[in-house]
Structures are given as C-alpha cells and as structure tokens.
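Analysis of the macromolecular model
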Amino acid sequence: MSLLVDIATSALEPGYAAAAARRSSAASTRPRALLVCGTVLAATLLVVIAAVQAHQRAPAASRNRERLLAQVQAHDATIAALQRRLDAARADTTRLQDAALASTAAGERLSARLGSEELAAGTVAVTGPGLRVTLDDDPQGRNRVLDRDLQGVVNALWAAGAEAIAVDGQRLTAESAIRQAGEAILVNFQPVTPPYDVQAIGDPVALETSFGASRSAATMRAYGQLYGLRFHYGRESALSLPAAPGLSLRYARSEVTEGSR
Amino acid sequence: MIVALAVAIGVTLGLVLQPTVPVDLQPYLPIAVVAALDALFGGVRAWLERIFDDKVFVVSFVSNILVAALIVYVGDKLGVGGELSTAVVVVLGIRIFSNAAAIRRHVFRA
C-alpha cells in the first residue's frame, strides 16, 4: 500500500519544487512562453485525437456488427429458399417414382417397402399421437439448457419407444446431431432456440410412462428444482413432424442391392 | 491567456484535421493521453502553487509520454502489454487524481 501512498503524495513532479528552490537562490528566469504553449498544444492535440479516434471507431464496430447480422439473415433466407426447392424437387421425385413403380407388381412391392423405409428413415413427414416435451432456460437467464440435456431427453424418448422425433421442427434421423455451438444449440446443423419443443410420435401412454420414469426425466426435474430450468411433458393426440432436411449417404452402400444386381 | 489560446488551437486542429493515428501506434494512444493529462494537471497545480517551471513542464510531458510508450512497447514484446498498460494507467491515474484534488483545493479553498 505504501507504493500507492507514495504515488499519491508525490503526485506533483518533484522537479517543480527543485526548480523553484533553484530559482529562489539564483536569478529568476522568465518562463519561455512559446515552449510551454507548444507543449500544451501538443497535449491538447493528443487528447482530441484520441477522442476523435474513439468516436470514429465506435460506430464502425456497430456497423460491422450490423453488416454481419444482415449477412447472416440473408444467408438464412437463401438456405430456407434452397430447402423449399429441395423439398419440392424431392416431392416430384417421389411422385414420379411412385408412378413408375405402380406399373408392375414387383414395382408395387418395392414401392411399399420404400414407403415404410422412408417413414422409418425420417425422410417423409409423419403424423400421429405421441408425447410433447418442452424444455426452457431459467427465466432469470442464469442457467441454460445444454445440448446434452436435449440429447438425454431425445435418447430417453427413443428408449421409451418413440417412432419419430423432432426438436423445434427439426426431424431427427440417423444422421442428426444435437450439439452446442457457442451459445446456440444446433440440430441438423440448424440453430434452435428456447423453449425447445421436442415432439415424439409413439404410443402416448407407453411413452409418457416410460419417459417419465427415465433417468433423463429425473435429471431434468432435478435441474428444474436446482437451477430453475423449465421442463414439462404431456400426451398429444395429434402431432405432425416434418420430413428431415435430407439423408444423403455418400459412403454407405446397401449390401442387399449390391448383391442382387 | 496565451495558454488558453494554445488549448483552443489544439482542439481546433484536432477537430478540423481529424488526423488518423497509424495502426502501429494505436496501442500507445490511450497511454499517451493519460501521460499528457498527467503532465497538464501537474503543470496547472504547479502554476497554482506558484512554482511552475517551463523546463520541468516540457521535460515531464515528453518523458512521461516516451516512458509510457516504452513500457507498453516492452510489455507487448514480452506478452504482458495489457498488464503493463494497466500499471501505467493506475500510477498516472492516481497522480492525476491527487493533482486534480490539489487544484480543487487551490481554486475553491475546499
């Protein structure tokens, strides 16, 4: 502490006192006004430059931020448009496929198999009864739902016998990942925002019983009491889940088809 | 009077010319400003205490800025630029504060 006291007590340059003492003993010299003015000018200039610089840089930072935001929004819009085109193209493909397959008996069988596999893979929209689970951050904003909480809930729902699950409108498939990226949670590489709405299609009673007894549900209930996270679930008579954004397997090949060819 | 003129000229020059500081020198700007303020407040206090000396004023201004810049430069090279900047700001800040307090006592007698 004595250091700070020293700084405070000898705040005035000791040189001034020494110079005053010298001056009183010797003949007094006239202050060189020009020199002093030059220094004062330089010091003022420095302060003003710093102020101007700070003033100019602040709007630049916010401008950059706005530009980035606009870019993100534009790209989001592009993605949505492309997604719509993809959905339309996929619907066309399915229609043409069905028409082509319907012409023969073998085609009919293949079509039926394709339909059930598409259903299971999550590439078509589905409806049915099920369970709706809602998770939300602490209303005071101190604690947040993490990716692993969502993962736990989704895994518990699969384990409870769910046939199809969507998180905030993102259908889960064999390729889906739920992961944290900074402050956001990505599902199928799309950001989802709280409250997280998890919809699972399956036998509502069995789902509710089994999910309610799961460890994940118990954990979320405990988080609710300890950290204020919101968590509730209830049966729904009709849920409709969208199709997954697309399954494109680039490396995996079907053994059956390859063998039969 | 003539000092007030110098301040006015400084402000006008800064506002009219709007000089941009080179990027390389930008880390030194805040430190230089604090050092300049320290020299200015010291000068005003000395003037009020009737011991003002032009040579001490000019030398303290120049040396304060140079030493502050040197400390930041060395700190940057050593990877502790932020901490040394903080040290300079703390020391000069305390000095500015107590000089300002002394000036206040002189001006308002309180």
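Treat the numbers as computed from the prediction; the structure is a model and nothing was measured. (Residues numbered from 1 in each chain as written. Chains lettered and ligands numbered in written order. Predicted model: local features only at pLDDT ≥ 70, side-chain atom pairs only at ≥ 80, totals over all residues. Heavy atoms only, no water.)

**As for the overall build of chain B**
- For chain B, the count of helices and strands is four helices and zero strands.
- Overall, chain B shows an N-to-C arrangement of helices and strands of α-α-α-α.
- The buried share among the 110 residues of chain B stands at 39%.
- Contacts in chain B between residues at least 24 apart in sequence constitute 72% of all its contacts with a sequence separation of at least 6.
- Surface exposure of chain B reaches about 6,400 Å², of which carbon and sulfur atoms provide 74%. (Helix = DSSP H or I, 4+ residues; strand = E, 2+ residues; numbered from the N terminus. Buried < 20%, exposed > 50% of the residue type's maximum accessible area, 1.4 Å probe, protein only. Contact = heavy atoms within 4.5 Å. Areas by Shrake-Rupley, 256 points an atom, 1.4 Å probe, with all protein chains shown as cover.)

**Some words on the nonpolar core**
- Leu135, Leu157, Val198 and Phe211 of chain A are the most contacted members of the largest nonpolar core, which totals 27 residues.
- Ranked by residue count, the leading element in this core is helix α5 (residues 147-159) of chain A, at five residues.
- With sequence-adjacent residues up to four places away left out, Phe211 of chain A is seen in contact with Leu131, Val133, Val153, Ala156, Leu157, Ala160, Ala206, Ala217, Phe231 and Tyr233 of chain A.
- Within the second largest apolar cluster, 21 residues are counted, among which are Ala35, Ala36, Ala39 and Val72 of chain B. (Core = buried A, V, L, I, M, F, W, Y, C linked by side-chain atoms within 4.5 Å.)

**Observations concerning the sheet that holds strand β1 (residues 126-136) of chain A**
All names here are of chain A.
- Pairing within the open sheet is antiparallel, and its five strands lie in the order β3-β2-β7-β1-β8. Each edge of the sheet is formed by a strand with only one pairing partner; in this case those strands are β3 (170-171) and β8 (230-241).
- Judged from the four bridges that link them, strand β2 (residues 164-167) and strand β7 (residues 196-201) form a sheet pairing that is antiparallel. Residue pairing across strands places Val167 opposite Val198, the latter belonging to β7.
- Here helix α6 (residues 204-212) sits on the sheet and contacts β1, β7 and β8; the angle it forms with β8, its principal contact strand, is near 160°. (Pairing = 2+ DSSP bridges. Axes fitted to C-alpha atoms, helices over the stretch in contact; angles between N-to-C directions.)

**A look at the side chain of Asp197 of chain A**
All names here are of chain A.
- Relative to the elements of secondary structure, Asp197 occurs in strand β7.
- Among the polar contacts made by the side chain of Asp197, one reaches the side chain of Arg132 at a distance of 3.0 Å.
- Polar side-chain contacts of Asp197 include one of 2.9 Å to the side chain of Gln199.
- Excluding residues within four positions of it along the chain, Asp197 makes contact with Arg132, Val133, Thr134, Ala166, Val167 and Asp168. (Polar contact = N/O pair within 3.5 Å; in protein donor to acceptor, adjacent residues only side chain to side chain.)

**Some details on the interface of chain B and chain A**
- Each side of the interface is counted separately: chain B has 43 residues, and chain A has 34 residues.
- Between chain B and chain A, roughly 3,500 Å² of surface is buried when both sides are summed, and carbon and sulfur atoms account for 75% of that area.
- On the chain B side of the contact with chain A, Ile51, Asp54 and Arg95 of chain B bury the most area, a combined 15% of that side's loss.
- At the junction of chain B with chain A, the criterion picks out zero salt bridges.
- Scanning the region where chain B abuts chain A turns up zero residue pairs in polar contact (both at pLDDT 80 or more).
- Those elements giving two or more residues to the side of chain B that touches chain A turn out to be α1 (2-17), α2 (28-48), α3 (54-78) and α4 (81-108) of chain B.
- The class makeup of the residues in the side of chain B that touches chain A is 26 nonpolar, eleven polar and six charged. (Buried area = accessible area lost by both parts, 1.4 Å probe. Salt bridge = Lys/Arg side-chain N within 4 Å of Asp/Glu carboxyl O. Nonpolar A, V, L, I, M, F, W, Y, C, P; charged D, E, K, R; others polar.)

**Brief notes about the confidence of the model for chain A**
- Averaged over chain A, the pLDDT score is 83; the fraction of residues at 70 or greater is 94%.
- For chain A, the element scoring lowest by mean pLDDT is helix α8 (residues 255-260) of chain A, at 58; β7 of chain A scores highest, at 92. (pLDDT = per-residue confidence, 0-100.)

**With respect to the pairing of strand β5 (residues 184-187) of chain A**
Residues and elements named next belong to chain A.
- Bridge count for strand β4 (residues 178-181) against β5 is four bridges, and the pairing is antiparallel. Following the sheet pairing, Ala181 is matched in β5 by Ala184.
- What sits between the antiparallel neighbours β4 and β5 is a turn of two residues, in which Gly182 has the positive phi angle 70°.
- As paired strands, β5 and strand β6 (residues 190-192) are joined by three bridges and run antiparallel to one another. Following the sheet pairing, Ile185 is matched in β6 by Val192.
- Taking the residues that link successive antiparallel strands as the turn, the β5-β6 hairpin has two residues, and the phi of Asn188 there is positive, at about 55°.

**What to know about empty space enclosed by the protein**
- Inspection of the entire model under this criterion finds one cavity of 30 Å³ or more.
- Approximately 30 Å³ is the volume found for the largest cavity.
- Lining the largest cavity are Ala11, Leu12 and Glu13 of chain A together with Asp38, Ala39, Gly42, Ser60, Asn64, Arg95 and Asn99 of chain B.
- Top element by residues in the lining of the largest cavity is α2 of chain B. It accounts for three residues. (1 Å grid on protein atoms, 1.4 Å probe; cavity = no way out; pocket = protein on both sides within 12 Å on 5 of 7 lines; lining within 4 Å. Points joined across faces, edges and corners; volume = space filled by probe spheres on them.)

**Concerning the side chain of Ser85 of chain B**
All names here are of chain B.
- Looking at the element boundaries, Ser85 is found in helix α4.
- A relative accessible area of 18% places Ser85 in the buried class.
- When near neighbours in sequence (up to four residues on either side) are disregarded, Ser85 contacts Ile31 and Val72.

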